[in-house]
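Next come the chains, spelled out residue by residue.
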Amino acid sequence: MADGAKPFRLRLTDGRVWQGAEFPDGFVCVHHPGEPTICTIAVSLDDLLADLPPMHQAHGAVVERPNT
């Protein structure tokens, strides 16, 4: 993982888990295996999860951070 990047998990409401990293400048990259796109990039975690329509697979997802 890049210097200073903080790992997190995005737990979807259907139980799937996507792995992600939050970088020092705030932007995030989330890998979602088995999906049509390989990853999603956003300027922040808040922006990643903001205003998702109810049918979006990440709607209602919970961010989990490892205990480090």
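Refer to the structure above for everything that follows.
Residue numbers here run from 1 along each chain, matching the order of that chain's written sequence. Per-residue local features of the predicted model are confined to residues with pLDDT of at least 70, and side-chain atom pairs are confined, for both listing and counting, to 80 or more; whole-chain, interface and lining totals are unaffected and use all residues. To obtain the side-chain values, all non-hydrogen atoms of the structure were included, while hydrogens and water were left out.

Here a strand is any run of E in DSSP of at least two residues, a helix any run of H or I of at least four, and the numbering for each starts at the N terminus. A count of helical and extended segments in the protein gives one helix and five strands. Taken from N to C terminus, the helices and strands of the protein fall in the order β-β-β-β-α-β. With C-alpha atoms as the basis for the radius of gyration, the globule rule is written as 2.2 Å multiplied by the number of residues raised to the power 0.38. In terms of overall size, the protein behaves like a compact globule, its C-alpha atoms giving a radius of gyration of 12 Å where 68 residues would be expected to give roughly 11 Å. Under the scheme applied here, a residue whose accessible area is under 20% of the maximum for its type counts as buried, over 50% as exposed, and between as partly exposed, the area being computed with a 1.4 Å probe on protein chains only. Looking at the 68 residues of the protein, the share that counts as buried comes to 28%. For this analysis, residues touch if any pair of their heavy atoms sits within 4.5 Å. Considering only contacts in the protein between residues 6 or more positions apart, those separated by 24 or more positions represent 26%. Total accessible area on the protein stands at roughly 4600 Å², and carbon and sulfur atoms take up 57% of it. Positive charges come from Lys and Arg alone, negative charges from Asp and Glu alone, with His and the N- and C-terminal ends not counted. Note that the charge is assigned to NZ on lysines, CZ on arginines, CG on aspartates and CD on glutamates. Side chains of the protein give 5 positive and 9 negative charges; the mean places of these two sets differ by 8 Å. Throughout, the Shrake-Rupley method with a 1.4 Å probe supplies accessible areas, and for residues the shown protein chains are the sole cover considered.

Attention now goes to the pattern of salt bridges. Salt bridges, as used here, are contacts in which a Lys or Arg side-chain nitrogen is within 4 Å of a carboxyl oxygen on Asp or Glu. A full pass over the atoms with the stated rule returns four salt bridges. Residue Glu22 is joined to Arg65 by a salt bridge in which the shortest nitrogen-to-oxygen separation is 2.6 Å. Of this pair, Glu22 sits in strand E2 (residues 17–22) while Arg65 sits in the segment after strand E5 (62–64), and the two are 43 residues apart along the sequence. The exposure class assigned to Glu22 is buried, which follows from its relative accessible area of 18%. Judged by its relative accessible area of 37%, Arg65 is partly exposed. Residues participating in the shared-partner salt-bridge network are Arg9, Arg11 and Glu64.

So, on to the packing of aromatic side chains. Two rings from Phe, Tyr or Trp (for Trp, the six-membered ring) form a pair when their centres are within 6.5 Å of each other. A pair whose planes differ by under 30 degrees is stacked, one over 60 is edge-to-face, and the rest are tilted. Per the stated rule, a full pass over the model turns up one aromatic pair. Judged by centre distance (4.5 Å) and plane angle (10 degrees), the rings of Phe23 and Phe27 are stacked.

This brings us to the pairing of strand E3 (residues 28–31). On a regular strand, each side chain points to the face opposite its neighbour's, so the side chains alternate between the two faces of the sheet. Every second residue of E3 is oriented toward a common face, the buried set being Val28 and Val30 and the non-buried set Cys29 and His31. Any two strands with at least two DSSP bridges between them are considered paired. Between E2 and E3, which pair antiparallel and follow one another directly, the connecting turn spans five residues, one of which, Gly26, has a positive phi of 105 degrees. Pairing of E3 with strand E4 (residues 39–42) involves four bridges; the strand directions are antiparallel. From the neighbouring strand, Cys29 faces E4, where its bridge partner is Ile41.

Nothing here speaks to function; it is geometry throughout.
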